[in-house]
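One letter stands for each residue in the lines below.
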Amino acid sequence: MSTSADARRPGRPRSPEAHAAILRAALELALEGGLRGLSMEAIAARAGVGKATIYRRWKSKEALFMDALGEIATTPDVPDTGTVRGDFMAASAQAVDRLAPQAFRLVPRLLAEAGDDPELLEAMHEALLRPRKALIAEILRRGVERGELRAGLDIDLATDMVLGPIIARVLTSGGDPRSIAGLPLRVWDALVEGMGA
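Now for a description of the structure that goes with this document. In this text the structure is predicted, and so the values were computed from the model without any measurement.

Rules and cut-offs
Residues numbered from 1 in each chain as written. Predicted model: local features only at pLDDT ≥ 70, side-chain atom pairs only at ≥ 80, totals over all residues. Heavy atoms only, no water. Helix = DSSP H or I, 4+ residues; strand = E, 2+ residues; numbered from the N terminus. Buried < 20%, exposed > 50% of the residue type's maximum accessible area, 1.4 Å probe, protein only. Polar contact = N/O pair within 3.5 Å; in protein donor to acceptor, adjacent residues only side chain to side chain. Core = buried A, V, L, I, M, F, W, Y, C linked by side-chain atoms within 4.5 Å. Patch = residues over 30% accessible without salt bridge, like charges linked within 9 Å, V, L, I, M, F, W, Y side chains within 5 Å. Areas by Shrake-Rupley, 256 points an atom, 1.4 Å probe, with all protein chains shown as cover. Salt bridge = Lys/Arg side-chain N within 4 Å of Asp/Glu carboxyl O.

### Comments concerning the side chain of S92
Following the sequence through the fold, S92 ends up in helix 6 (residues 84-97). By relative accessible area, S92 is classed as buried at 14%. Here M89 takes part through its backbone oxygen, which lies 3.1 Å from a polar atom of the side chain of S92.

Structure follows, in structure tokens:
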């Protein structure tokens, strides 16, 4: 016996164009006014969709924004070129290439807002920081295993030492992507003497 639920026709299929427009609208509005000023109404208006279209995909503006952030900050691969420097050079080039210009401009604003928003801070760690730390840590571990880096190297500290100057440059430049051109490899070369076998 068929119930009304069984007989209900499926809704309109999700449009990839609408999905992309919603993510783009969320990023644009966050750049203009920060996450605090972001609302589902404003996103819907900017994207040219109804609020119901957004709520079918995301339960909150925070969930929507983190998906949007993930679109412009995809995690690089962990290459194995045979040397630590080669691995780091390939990974850092990928990391910068896969960050859209909006990501550089968003990071300073988001960090300022995350100071009193633990949920946002955790989401930023999850989307941006942890994947990049894991990538660098993997490269360093391989370097230790190959004998290129000294045994007993503090991987966590070394990872922070590599990322710290890059994050600082993004923040102090106001998110200008040109400010980190070539910086990851220069940081690596400056540190490697202290980590070398």
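### A closer look at the nonpolar core
Membership of the largest hydrophobic core comes to 59 residues, with the highest contact counts inside it found for I43, I54, L64, F65, L69 and L106. Elements represented by at least two residues in this core include exactly helix 2 (16-33), helix 3 (40-47), helix 5 (61-72), helix 6, helix 7 (101-114), helix 8 (118-146), helix 9 (155-172) and helix 10 (183-195).

### Here's the deal with a nonpolar patch on the surface
Together, L111, L121, I167 and L171 make up an exposed nonpolar region whose accessible area comes to about 260 Å². Locating L121 in the fold gives a position in helix 8.

### Focus on the pattern of salt bridges
Under the defined criterion, the tally for this structure stands at 13 salt bridges. The salt bridge involving K51 is made with E41; its shortest N-O contact spans 3.2 Å. Of the two residues, K51 sits in helix 4 (residues 51-57) while E41 sits in helix 3, which places them 10 residues apart along the sequence. Look at K51 and you get partly exposed, because its relative accessible area is 39%. What you see here is one network of salt bridges that share partners, running through D80, D87, E138, R141, R142, R146 and E148.

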